[in-house]
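# Close look at the chain arrangement
Listed here are the chains, written in short residue letters.
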Amino acid sequence: MYLLLRKISEDFHLDIMVSNLYLAGNQVKFDRQGDGLGRYTIYNYQRDENTSVHYYKVVGKWFDGLHMDLNDVRWPSGKLTSSVCSQPCNIGEVKITQSGDVCCWICHQCHPWEYVVDEFTCMDCGHGRWPYPHKQSCYDLDQQHMRWDSLFAIVPMAIATFGILLTFWVMVVFFRNNDTPIVKAAGRELSYLLLTGIMLCYFMTFVMLAKPSRIFCGLQRFGIGFSFAIIYASLLTKTNRISRIFESARRSARRPSFISPKSQLAIASVLISVQVIGTAVWFLLEPPGTRQYYPDGKRNQVILKCSIRDSSFLLSLIYNMLLITICTVYAVKTRKIPENFNESKFIGFTMYTTCIIWLAFVPIYFGTGNSFEVSEIPS
């Protein structure tokens, strides 16, 4: 009977259900392909509250549709259970599926610096970028650097400004008394050169506090060593001149060579040119530029710095350290000259304190080389 009805439905392409046919007391139906419809009984595993006996209870049927009363179903958690294989992933998560299975998946959290390309792929935003809270795209992080209104910048700028004004005032005094015996005896040419180097050192404070760029990074690398070289070359030339004068006076009355103002400027210029040539070679080996630094490996913070290694910067100052050492030796040699030439004593005191400062500078520089001032950025 079943095969006959299926043959009829196929031959006549019936699109309606053949119903009201009873076989052994049951209703028989076919779909449009002539196949019989499935029949299912739905059971719910329950427990009797009085006797604590577990049993299966019929709560519904499936035949040409679902026939079930949800009030008859007892859920394990006391509420309706979601009948899904996997829940939708949250923001910033992607699906990990097994091969050939697209219905079930495991949600995987992307890294904090990644955004969601599609429901299956995370992608790195790249250095200097961070994903939006919705994790659908990225934005450029603010490059942090020293700000002019920061306390760490205001204090050095105030000291540098005071030093510039004081140095300028000394230069004015020297200029107004340019032809007096005291200024001539002090070596006015080298004094002007020394004051120029001091002025440049104070101006370098503003260059170092400026926002890092190719120009300012280059000025830092050139200006620091150059200004120090001017100062210590002038002091070395002064102490060397005094030392040679008194050493020559002990042996004979003949005036030593290369003690004229022009000779002194020439000697100082040669000493300074060594630093300039060394810095030029340094520029060729390591061109100035900027780089991004991530403190403690945090990708959500980016600091703009000059692309210079701490070791390279320290090596560039070795020549200045050599000038300081030689100048200190000459200051010791001339410490017992007559009182009328007590300038060497002041130079000696300056060099002693300079040596102490530079000895402390090296460990402090490497110890605080990665110190920075940042504002926290929420991840």
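Residues numbered from 1 in each chain as written. Predicted model: local features only at pLDDT ≥ 70, side-chain atom pairs only at ≥ 80, totals over all residues. Heavy atoms only, no water.

- The protein appears in an unreviewed UniProt entry as Metabotropic glutamate receptor from Trichonephila inaurata madagascariensis.
- Among the UniProt annotations of the protein, the heading Function (unreviewed entry) holds the following wording: "G-protein coupled receptor for glutamate. Ligand binding causes a conformation change that triggers signaling via guanine nucleotide-binding proteins (G proteins) and modulates the activity of down-stream effectors."
- In its Subcellular location (unreviewed entry) section, the UniProt record describing the protein reads: "Cell membrane". (UniProt positions renumbered as here; feature names shortened; annotations may be inferred.)

## A short note on unusual backbone geometry
- The backbone of Lys135 shows a phi angle near 60°, a positive value even though the residue is not glycine.
- Structurally, Lys135 can be placed in the loop between β10 (129–131) and β11 (138–140). (Helix = DSSP H or I, 4+ residues; strand = E, 2+ residues; numbered from the N terminus.)

## Focus: the UniProt feature "transmembrane region" (unreviewed entry) in the protein
- The sites that UniProt annotates as "transmembrane region" (unreviewed entry) are residues 151–175, 190–210, 265–285, 313–332 and 344–366.
- Annotation note: span residues 265–285, helix share 100%, strand share 0%, distance between end C-alpha atoms 30 Å.
- Span residues 313–332 is 95% helix and 0% strand, its end C-alpha atoms 29 Å apart.

## Observations concerning the packing of aromatic side chains
- Inspection of every chain in the model, using the stated rule, returns 5 aromatic pairs.
- Geometrically, the ring pair formed by Phe174 and Tyr192 is edge-to-face, given 6.2 Å between the ring centres and 70° between the ring planes. With Phe174 in helix α2 (residues 151–176) and Tyr192 in helix α4 (residues 188–209), this pair connects stretches of sequence that are 18 residues apart.
- When the ring centre of Trp282 is taken as reference, the NZ or CZ atom of Arg221 above it lies at 4.3 Å.
- The ring centre of Tyr293 lies 4.8 Å from the NZ or CZ of Lys305, which sits over that ring. (Phe/Tyr/Trp six-rings, centres within 6.5 Å; stacked < 30°, edge-to-face > 60°. Lys NZ or Arg CZ within 6 Å of the ring centre and 35° of its normal.)

## Thoughts on the packing of α4 against helix α6 (residues 261–285)
- Interhelical geometry of α4 versus α6 gives an angle of 30° and a closest axis separation of 9 Å. Here α6 runs roughly parallel to α4, going by the angle between their axes. For the pair α4 and α6, the contacting residues are Glu189, Leu190 and Leu193 in the first and Pro261, Gln264, Leu265, Ala268 and Ile272 in the second.
- When its residues are assigned to classes, the contact of α4 with α6 shows 6 nonpolar, 1 polar and 1 charged. (Axes fitted to C-alpha atoms, helices over the stretch in contact; angles between N-to-C directions. Parallel < 35°, antiparallel > 145°, perpendicular 65-115°, else oblique. Contact = heavy atoms within 4.5 Å. Nonpolar A, V, L, I, M, F, W, Y, C, P; charged D, E, K, R; others polar.)

## Examining the side chain of His145
- Assignment of secondary structure puts His145 in the loop between β11 and α2.
- For His145, a relative accessible area of 17% gives the class buried.
- Within polar-contact distance, the side chain of His145 engages the side chain of Arg147 at 3.2 Å. (Buried < 20%, exposed > 50% of the residue type's maximum accessible area, 1.4 Å probe, protein only. Polar contact = N/O pair within 3.5 Å; in protein donor to acceptor, adjacent residues only side chain to side chain.)

## Focus on the sheet that holds strand β3 (residues 40–47)
- Taken together, the 3 strands give an open sheet; going across it, the order is β3-β4-β5, and neighbouring strands pair in antiparallel fashion. Where the open sheet ends on each side, the last strands, each with one partner, are β3 and β5 (66–68). Looking at each pair of strands side by side, their axes are set apart by 35° on average, direction ignored.
- Sheet topology note: the strand β4 (residues 54–62)/β5 ladder contains 3 bridges and is antiparallel. Residue Lys61 lies in a different strand from β5, and its bridge partner there is His67. (Pairing = 2+ DSSP bridges.)

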